[in-house]
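# Descriptive analysis of the structure
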Amino acid sequence: MPIFTAWLVFVVATLVVFFMWQKEMTARSIINETEITRQHLVVYPDDLQIDGDLLKFSAFWIEGKQKVQSFYIFKTEDEKKLFLDYNKTNVFLFSGTVKQPDSPTNENQFNYQEFLKTKNIVNIVKIAELNELEKNQAKFIWEPTVLAHIRDFRKYLLDYLGQIAQPLAGYSQLLLLGYYDSDFSNPIEIINKLGLLYLFSLSGMHVFYIIAILRWLFAKLYITDEFCSWFLLMVLPLYAILGGLSASLLRAVMMSWLILFIQIFFKKTVSGIAVESFVLIINLYWCPLIIFSMGAQLSYLLTFILIVNRKVNPIHLGLKLTAYSIPIVLWNTYEWNWLTTFLSVGMVPFFEWIVMPAVVIGAIAPVLGTLCNQVLMVFTKILFSLSSWPLTWDYGKPPLFFVVLWLVLLLLSERRENSRKILVYLSISFVFCAVIIRFPLQDQVVYFDIGQGDSTLIRERFNKSITLVDTGGKVTCNNNEEWKKRTSKTMGETIIANYLLSKGISKIDNLFLTHQDTDHVGNFPSLTQKIKINRLFVPDGMDSLTSFQARLADSTIDMNRVYPISIVKADRIGIFKILHPFIRGEGKNEDSIAVSFNLKKTSFIISGDLDQDGEKEVINLFKTLQADILKIGHHGSKTSTAKEYVNKLKPKFAVISAGRNNRYGHPNIETLATLDEFKVPYVNTANAGMIQVIPTKNNETIIKTFLKENGEMR
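Here's what I pulled together on the structure shown here.

Rules and cut-offs
Residues numbered from 1 in each chain as written. Predicted model: local features only at pLDDT ≥ 70, side-chain atom pairs only at ≥ 80, totals over all residues. Heavy atoms only, no water. Pairing = 2+ DSSP bridges. Helix = DSSP H or I, 4+ residues; strand = E, 2+ residues; numbered from the N terminus. Buried < 20%, exposed > 50% of the residue type's maximum accessible area, 1.4 Å probe, protein only. Phe/Tyr/Trp six-rings, centres within 6.5 Å; stacked < 30°, edge-to-face > 60°. Core = buried A, V, L, I, M, F, W, Y, C linked by side-chain atoms within 4.5 Å. Salt bridge = Lys/Arg side-chain N within 4 Å of Asp/Glu carboxyl O.

### Notes on the pairing of strand 6 (residues 124-132)
- As judged from the four bridges shared by strand 4 (residues 66-73) and strand 6, these two strands associate in the parallel manner. Of the residues in strand 6, the one forming a bridge with F71 is K126.

Dropping the structure here:
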């Protein structure tokens, strides 16, 4: 009963603290973009990330009394060089705008707002002017703290490790200091692809190596073990800061520190589970949302499994770690590599006894750096070779119910009672969940919120056929200056590919690129790196354009899978009736592909950026053409959506794809007036986010919007 009472008090206290924390976060959030001038930021040098002409960093906003995520665009290359050499914490005077980050507008889109909350950040600052204060000026506003000096030393260590040869530099920066270097992105992607990311979630294991090395060194110097324990008690918290305060490192450091503390002051030993539980409680009180990060989930869960299975043989332990990591990995990445099951058996001890020692020794003993680097090079080459095997299963994102069910069943199997039955239940539920994800019972049309661009997904039920019309793309000013080029991911990867993979879709049967404009085809090359394309259709004549050939060269598609189309060449492709173009063109707006298709008894039309003259030609040629759901052309520009076109098609509903606060003023007031004149209800992705249209059996159509309550149209 006392234990039950204690746990009840803990649960109630945790809930109270969580709601208090949420209330505080809400109070600090700035919903509407607010302009601020002559404010001050405390900027730490180890937190700066530079991508082309973009500077990203988290900093303490003095006037706002909170930590913020900041963004600044360099005005000159010389200014960029100054920040590349920046190595001391200082105060900066800035002006700009502040607001909370936007929430996702598409299903399964990365939630940047929640990600920042796991770091206790609720607002972002877009800086227009940024100037470093002189030290004598800064002293009147903010005095350097011990934390600042530690962060400066961390920057020094990062620079030192960055000068080591790769891949030792990347592994040591990541595992020892918790820093992700863009030059080390390929090995990380490969490790993630092989499903071995949990090794980095357990990366706190190097803390135990450091402790062991220090104890060995102190013993050689004839320094007592008690003094070493006191020394570690003081040094470990400092190392947690040097290591970047990642969830896995905090767990390892705090667990080691608590064990030492109890041994020194109480002369007792304590169980690993008790220590881990206490550390988890502390972290939840400090930042409740940290538990929603995959790193924290894997770190605490798999450490618990290691503790309760100390006497289990390595093969059995490797299989257990794999089983427990599958639900978490699928929930976050949607895919699993079959090799992971076999690799985990030998990889954990290999990582523990070879990789981690090579990283630690190579970082602190330059004499052995070359040898350690060779070991890591072999390790990396093995991973690259294994990742080339086509054994990745794009499972999709399981519903939360199944994730919890699988973890509960796995924990129940630890009791060894009815373990065979539990394994059967696990297998059945795993297969059943995959079927639900990969074989939808209904047809579906998805209009992605892709900003100022177009991208539409058509899925026939049971995934009989998967078609994508356009890929979206960001229109940017032509700039050939090398120092300004960024390496950030496109919306084709973060929105379209992410959604497809979350639905267990890794292959598209048909991709229509309606015309050459970047806002329709710009994401095409990056999308093909994630999703296989069987057939690519472009308007006749666009295939010979230099711009298209350049994009094709950057993609994974061969020319023999590209099909130029027009009414003359094909009148129908699968369920799609070709309405335009009529003749060979140059891939311009007036050459746009237009298609109609039916799902159940609901008819749809998509026409890219086809102009009003083209729309009139279409209805003149196809006398009986109608559409229940009309995709408004050219993002609602007045150059499209002719009155005659709308009157002829008699749509029951219209969809507009346009960017928020776009510079073109889309949708145009004339276009909206036309829709109002013919009493056509419409929805805009700029306001509603992703739009899903689901035809049903009884000649009804359900329309769902991501940012508003679900709507239904009969």
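That shown, we press on.
### What to know about the pairing of strand 5 (residues 90-99)
- Counting buried positions over the 10 residues of strand 5 gives nine, a clear majority of the element.
- When strand 1 (residues 34-43) meets strand 5, the two strands line up antiparallel, connected through eight bridges. Bridge pairing links T34 to V98 in strand 5.
- Looking at chain direction, strand 5 and strand 6 are connected through eight bridges and run antiparallel. Pairing of T97 across the sheet is with K126, part of strand 6.

### So, the packing of aromatic side chains
- Tallying each qualifying case throughout the model produces 31 aromatic pairs.
- Between W338 and W393, the ring centres sit 5.3 Å apart and the planes meet at 10 degrees, which makes this aromatic pair stacked. One end of the pair, W338, is in the loop between strand 7 (336-337) and helix 15 (339-364); the other, W393, is in strand 8 (residues 392-393), and 55 residues separate them in sequence.
- By relative accessible area, which is 21% here, W393 ends up partly exposed.
- Note on Y395 and W406: the rings are 6.4 Å apart at their centroids and 75 degrees apart in plane angle, and the pair reads as edge-to-face.

### Quick look at the nonpolar core
- Among the nonpolar cores identified, the biggest contains 57 residues, and Y171, L194, V207 and L383 are the most heavily contacted of them.
- I466, I508, L511 and V562 belong to the second largest nonpolar core, which has 31 residues in total.

### A closer look at the pattern of salt bridges
- Per the stated rule, a full pass over the model turns up 20 salt bridges.
- Salt-bridge contacts for D46 lead to R151; the nearest nitrogen and oxygen are separated by 2.8 Å. Taken together, the residues span a long stretch of sequence, with D46 in the loop between strand 1 and strand 2 (49-51) and R151 in helix 5 (residues 146-162) at a distance of 105 residues. With respect to class, D46 is no different from R151; both count as buried.
- Between K99 and D102 there is a salt bridge, with the nearest N and O atoms lying 2.9 Å from each other.
- According to the relative accessible area criterion, K99 is buried, its value standing at 15%.
- A cluster of three or more residues bridged by salt bridges with shared partners is formed by D46, D47, R151 and R154.

### Digging into the sheet that holds strand 21 (residues 682-684)
- Pairing is mixed across the open sheet formed by seven strands, whose spatial order is 15-16-17-18-19-20-21. Edge positions in the sheet fall to strand 15 (572-573) and strand 21, since each of these pairs with one other strand and no more.
- Bridge count for strand 18 (residues 602-606) against strand 19 (residues 629-631) is two bridges, and the pairing is parallel. Along strand 19, the bridge assignment pairs I605 with L630.

### Concerning unusual backbone geometry
- In the segment running from H580 into P581, the intervening peptide bond is cis, with an omega of 10 degrees.
- Looking at where P581 falls in the secondary structure, it is placed in the loop between strand 16 (576-580) and strand 17 (594-599).
- The linkage connecting H666 with the following residue, P667, adopts the cis geometry, with an omega of 0 degrees.
- Inspection of the secondary structure assignment puts P667 in the loop between strand 20 (653-656) and helix 25 (669-677).
- Although it is not a glycine, T641 adopts a positive phi angle of roughly 65 degrees.
- The phi angle at N661 is positive, at roughly 50 degrees, despite the residue not being glycine.
- Checked against the element boundaries, N661 lands in the loop between strand 20 and helix 25.

Don't take any of this as a statement about function, it's just geometry.
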